[in-house]
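Tertiary structure, described
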Amino acid sequence: MTSESGAPHRSADTVLDTLLQQVRDLLETVFAGPQEVAGEVVRRRRAVQAAGAVFGPADLAGIKPAVVRWLTGHPEADGLGFLAAPGLLPDRERHIQWWQRSAAGFVPMRLNLDPTCVDVYDYFEMDWYAAARDHSARAVFGPYVDYSAAESYICTFTVPVVDGADFLGVAGTDLRMSELEPRLLGLLRRAGHDAVLVGAERRVVAANTSRWLVGSRLPRVPQARDGEFLATGEVGLDSGWVLGLAGPE
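Residues numbered from 1 in each chain as written. Predicted model: local features only at pLDDT ≥ 70, side-chain atom pairs only at ≥ 80, totals over all residues. Heavy atoms only, no water.

Examining the sheet that holds strand E3 (residues 105-108)
Worth spelling out the cut-off: Think of it this way: DSSP has to see at least two bridges between two strands before they count as a pair. Strands here mean DSSP runs of E at least two residues long; helices mean DSSP runs of H or I at least four residues long; both are numbered from the N terminus. Between N-to-C directions, angles cover 0 to 180 degrees, with each direction set by a line fitted to C-alpha atoms, over the stretch in contact for helices. By definition, residues are in contact when any of their heavy atoms lie within 4.5 Å.
Taken in spatial order, the six strands make up an open sheet running E3-E2-E1-E6-E5-E4, and their pairing is antiparallel. Looking along the sheet, the strands with just one partner apiece sit at the ends: E3 and strand E4 (139-145). Between one strand and the next, the sheet's axes are offset by a mean angle of 20 degrees, whatever the strand orientation. The strands touched by helix H3 (residues 64-73) within the sheet are strand E1 (77-84), strand E2 (96-102), E3 and strand E6 (166-176), with E1 carrying the most contacts at an inclination of about 155 degrees. Packed onto the sheet, helix H4 (residues 127-135) meets E1, E4, strand E5 (153-163) and E6 and runs at close to 145 degrees relative to E6.

Right, dumping it as structure tokens:
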């Protein structure tokens with residue numbers, strides 16, 4: 001058993017409740033970046049419409065100062081930005097305003113958005129985009145290797161961007177697992193039990209023991225008292241994450 005807990009006498013259920021809230025608090029700080037971008041997109045669109053003009057790519061590009069400000073304050077993030085819904089802009093169906101961290105500063109992400117090309121980055125088909133469009137839900141996707149953009153091991157956090165009844169698109173951020181995992185591990189080490197955090201695709205996001213390898217896929221979602229886990233709980237916040245506390249092997 002891997003335990004660095006200062007309170008091993010507490011029940012698994014009590015420890016689980018505390019850890020779940022701590023993980024939620026951490027996720028809320030990550031979601032704050034995309035939420036800030038979402039607010040900026042809505043504000044700029046309303047201002048353009050109030051002036052009787054047509055909202056276009058140049059107006060959308062004005063979100064860059066807010067993006068750069070948040071990325072500067074969150075070095076664990078690889079990128080942050082916005083992906084437009086069809087109909088938001090008058091002259092294009094797909095459009096991305098996303099800035100990536102690089103040695104030269106923050107640079108625009110360049111992806112092929114031409115639907116006639118075999119290598120099109122069709123974000124309309126992504127699970128996190130569907131969650132925002134169809135369910136007005138936030139999402140956490142990963143961990144995964146992002147070959148199309150950041151080319152690193154990341155988790156993507158997204159939020160829907162809406163203005164009244166209008167779905168405008170999705171705002172999101174990519175966090176490197178090399179930065180996110182240690183923060184999660186710092187929480188799990190307080191468990192007093194073997195602990196594992198599992199994503200929506202049953203992939204291990206973090207664990208305080210070598211019993212589970214980060215990125216590996218579990219055969220099933222952890223269930224309490226199934227012979228392995230003493231207590232399990234959903235993190236919520238539309239993350240799809242489940243936290244499990246297990247007894248010794």
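Now that the structure is up, let's keep going.
Some words on the pairing of E6
Here is the rule: Residue exposure (1.4 Å probe, protein chains only): buried if accessible area is under 20% of the type maximum, exposed if over 50%, otherwise partly exposed.
With respect to burial, E6 is a largely interior element, nine of its 11 residues being buried. Here E1 pairs with E6 via seven bridges, running antiparallel. Pairing of Ala-84 across the sheet is with Gly-169, part of E6. Bridge count for E5 against E6 is 10 bridges, and the pairing is antiparallel. Looking across to E6, one finds that Thr-156 is bridged to Asp-174. Hairpin connection between E5 and E6: a loop of two residues separates the two successive antiparallel strands, and Gly-164 in this loop has a positive phi of roughly 65 degrees.

Brief notes about the environment of Met-126
Within the element layout of this structure, Met-126 appears in the loop between E3 and H4. Judged by relative accessible area, which is 25%, Met-126 ranks as partly exposed. Separated by 15 residues in the primary sequence, Met-126 and Phe-141 have C-alpha atoms spaced 9.5 Å apart.

So, the confidence of the model for the chain
Do not read the fine detail of predicted coordinates wherever pLDDT is low. The condition that has to hold: For every residue, the predictor reports its confidence as pLDDT, a number between 0 and 100.
Mean pLDDT over the chain works out to 91, with 94% of the residues at or above the 70 mark. Throughout residues 1-9 the model reports pLDDT below 50, and contacts reaching past four residues in sequence, or to other chains, amount to 16 contacts.

What about the side chain of Arg-176?
Relative to the elements of secondary structure, Arg-176 occurs in strand E6. Given a relative accessible area of 18%, Arg-176 falls into the buried group. Setting aside its immediate chain neighbours within four residues, Arg-176 contacts Pro-75, Glu-76, Ala-77, Asp-78, Arg-101, Ser-152, Tyr-153 and Ile-154.

Focus: unusual backbone geometry
In this model, Gly-142 is joined to Pro-143 through a cis peptide bond whose omega is 10 degrees. If you trace the backbone, Pro-143 turns up in strand E4. At Ser-136, a residue that is not glycine, the phi angle is positive and equals roughly 50 degrees. As for its placement among the helices and strands, Ser-136 is situated in the loop between H4 and E4. Unusually for a residue other than glycine, Leu-237 sits at a positive phi of about 60 degrees.

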